[in-house]
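A look at the structure
Single-letter residue listing:
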Amino acid sequence: MSLRSSSARLSRAKKDLDLAWRRARTEWRDDPSQAFEQKYLARIATVVRNANNGMAIMDQLITQARRDCE
């Protein structure tokens, strides 16, 4: 699996999680739900963004290394 496809899968999983959370929030609207969102879901957004940025950089480096080896 390539880094680009892995990055796309990660982004899709994050979108699926966001959708599921929006659905859950229609029923679960109390202090523990807010704490859960702040403690876990807010962090996931940052982690996914950083992972995707890292994968993009790694993909560029691998592409350049392949060119250099030709």
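See the structure printed just above.
Residues numbered from 1 in each chain as written. Predicted model: local features only at pLDDT ≥ 70, side-chain atom pairs only at ≥ 80, totals over all residues. Heavy atoms only, no water.

**Details of helix α2 (residues 31–69)**
Compared with an ideal rise of 1.5 Å per residue, which puts 39 residues at 57 Å, α2 spans 56 Å between its outermost C-alpha atoms and is within 8% of the ideal. Maximal helix bending in α2 amounts to about 35 degrees, located at glutamate 37. When α2 is considered as a whole, its buried residues turn out to be Ser33, Leu41, Val48, Asn52, Met55 and Asp59. (Helix = DSSP H or I, 4+ residues; strand = E, 2+ residues; numbered from the N terminus. Expected span 1.5 Å × (residues − 1). Bend = angle between axes of the 7 residues up to and from the residue. Buried < 20%, exposed > 50% of the residue type's maximum accessible area, 1.4 Å probe, protein only.)

**Examining the side chain of serine 33**
Checked against the element boundaries, serine 33 lands in helix α2. A polar atom in the side chain of serine 33 sits 2.7 Å from the backbone oxygen of aspartate 30. When sequence neighbours within four positions are dropped, the list of residues in contact with serine 33 reads Trp21, Arg25 and Trp28. (Polar contact = N/O pair within 3.5 Å; in protein donor to acceptor, adjacent residues only side chain to side chain. Contact = heavy atoms within 4.5 Å.)

**Concerning a nonpolar patch on the surface**
Taken together, the side chains of Leu17, Trp28, Phe36, Tyr40 and Ile44 present a nonpolar region at the surface, about 400 Å² in accessible area. No other element matches α2, which puts three residues into the nonpolar patch. Looking at where tryptophan 28 falls in the secondary structure, it is placed in the loop between α1 (3–25) and α2. For tryptophan 28, a relative accessible area of 33% gives the class partly exposed. (Patch = residues over 30% accessible without salt bridge, like charges linked within 9 Å, V, L, I, M, F, W, Y side chains within 5 Å. Areas by Shrake-Rupley, 256 points an atom, 1.4 Å probe, with all protein chains shown as cover. Salt bridge = Lys/Arg side-chain N within 4 Å of Asp/Glu carboxyl O.)

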